[in-house]
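# Inside the fold
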Amino acid sequence: MNHLDALPPWAAILVAVFVLLGALFAFIGSVGLLRLENFYQRVHAPTLGTTLGTFFMLAGSITCFSVLHGRPIFYEILIGVFLTLTTPITLMLLVRAALYRDREEGSQDVPRKLPGE
Amino acid sequence: MIRRWFPHPVLSVLLLLIWLLLKQSLAPGTILLGALLGIALARMYDLLRPPKARAHDFHLLGVLFVRVTIDIFRSNLAVARIILARNRSLNSGFVAIPLDLTDRHGLAVLACIITSTPGTIWVSYDSSANILLIHVLDLADEQVWIDTIKRRYERLLLGIFQ
């Protein structure tokens, strides 16, 4: 059918477990995004997808293609590195925008502006 | 002369390594192009006049990496449990942490650690008072979080960058 047929059963099971675990963490993160109460709580949830979710997906990909090609293939690690470096920028931008909005509205739930921010 | 052409040697080598990893080859042409890219991009980066990074203790960097990896695993499970537990009243809130760390690169690494760990987010940083504001999903005791950030991460980062 396709080239995945060349994958030995033990590797196929291992890859399947990794991919499912990754999908599970990404899914729980999405559920959290839906379920948690306010914005500041919600932004925590997707980090599950960018950390362990990505980790298990990459582990699955590395296992699958290393076994198929018969040599270690690990450039997927770069995806993890780039995600770790770029996620904080997006998250901080979103949180700071929310904080700015709440402070402008005079919300009592957020801390006051510090002089040097 | 050397400084002019190689303002950031470590960055150049890292870029070369990333290039080789992406191309999955060690052919002379790939190495040549990667080296040229590494040198050119490092020179462009220098145009931004970045503050000099002085990472001295690479052993501590390894310790920090292992510690952060363990923490990311643990807090993933903790946050997953919080999300899946229905109707649990959640006490989340902001924590202000007075920092001793002032090095910009150290702060950048700390930002990556705090945001990459589920359950904590870097909110803002006051550079004059050196106070960091984070948001914690499951906040039981503010002091515990202040101690955690300061003991587990900041102490190591101070050793690495300052």
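Residues numbered from 1 in each chain as written. Chains lettered and ligands numbered in written order. Predicted model: local features only at pLDDT ≥ 70, side-chain atom pairs only at ≥ 80, totals over all residues. Heavy atoms only, no water.

### Observations regarding a nonpolar patch on the surface
Residues and elements named next belong to chain B. Residues L32, L33, L36, L37, L41, M44 and L47 make up a contiguous nonpolar surface patch of about 700 Å² in total accessible area. When you line up the elements, L41 lands in helix α3 (residues 28-46). Taking relative accessible area as the criterion, L41 reaches 36% and is therefore assigned partly exposed. (Patch = residues over 30% accessible without salt bridge, like charges linked within 9 Å, V, L, I, M, F, W, Y side chains within 5 Å. Areas by Shrake-Rupley, 256 points an atom, 1.4 Å probe, with all protein chains shown as cover. Salt bridge = Lys/Arg side-chain N within 4 Å of Asp/Glu carboxyl O. Helix = DSSP H or I, 4+ residues; strand = E, 2+ residues; numbered from the N terminus. Buried < 20%, exposed > 50% of the residue type's maximum accessible area, 1.4 Å probe, protein only.)

### Some remarks on the environment of L156 of chain B
Within the secondary structure, L156 of chain B sits in helix α6 (residues 142-161). Discounting residues that sit within four places of it in the chain, L156 of chain B has contacts with L60, V63, L64 and R67 of chain B. (Contact = heavy atoms within 4.5 Å.)

### As for the layout of surface pockets
All names here are of chain B. A volume near 350 Å³ is recorded for the second largest pocket. Taken together, 20 residues make up the lining of the second largest pocket; nearest its centre are D71, S75, T117, P118 and W145. When contributions to the lining of the second largest pocket are tallied by element, the ones reaching two or more residues are α4 (58-84), α5 (104-116) and α6. For the lining of the second largest pocket, the element with the most residues is α4, which contributes six residues. Across the lining of the second largest pocket, the residue classes break down as eleven nonpolar, five polar and four charged. (1 Å grid on protein atoms, 1.4 Å probe; cavity = no way out; pocket = protein on both sides within 12 Å on 5 of 7 lines; lining within 4 Å. Points joined across faces, edges and corners; volume = space filled by probe spheres on them. Nonpolar A, V, L, I, M, F, W, Y, C, P; charged D, E, K, R; others polar.)

### Brief notes about the pattern of salt bridges
All names here are of chain B. Under the criterion given, the structure shown has five salt bridges over all chains. R74 is the partner of D71 in a salt bridge, and the nearest nitrogen-oxygen pair spans 3.6 Å. Taken together, the positions of D71 and R74, both in helix α4 and three residues apart, correspond to about one turn of that helix. What makes R74 exposed here is its relative accessible area of 54%. The residue R152 makes a salt bridge to D71 at a minimum N-O spacing of 2.9 Å. In this pair, R152 is assigned in helix α6 and D71 in helix α4, connecting sequence segments 81 residues apart. Judged by its relative accessible area of 26%, R152 falls in the partly exposed class. Each of D71, R74 and R152 takes part in a single network of salt bridges with overlapping partners.

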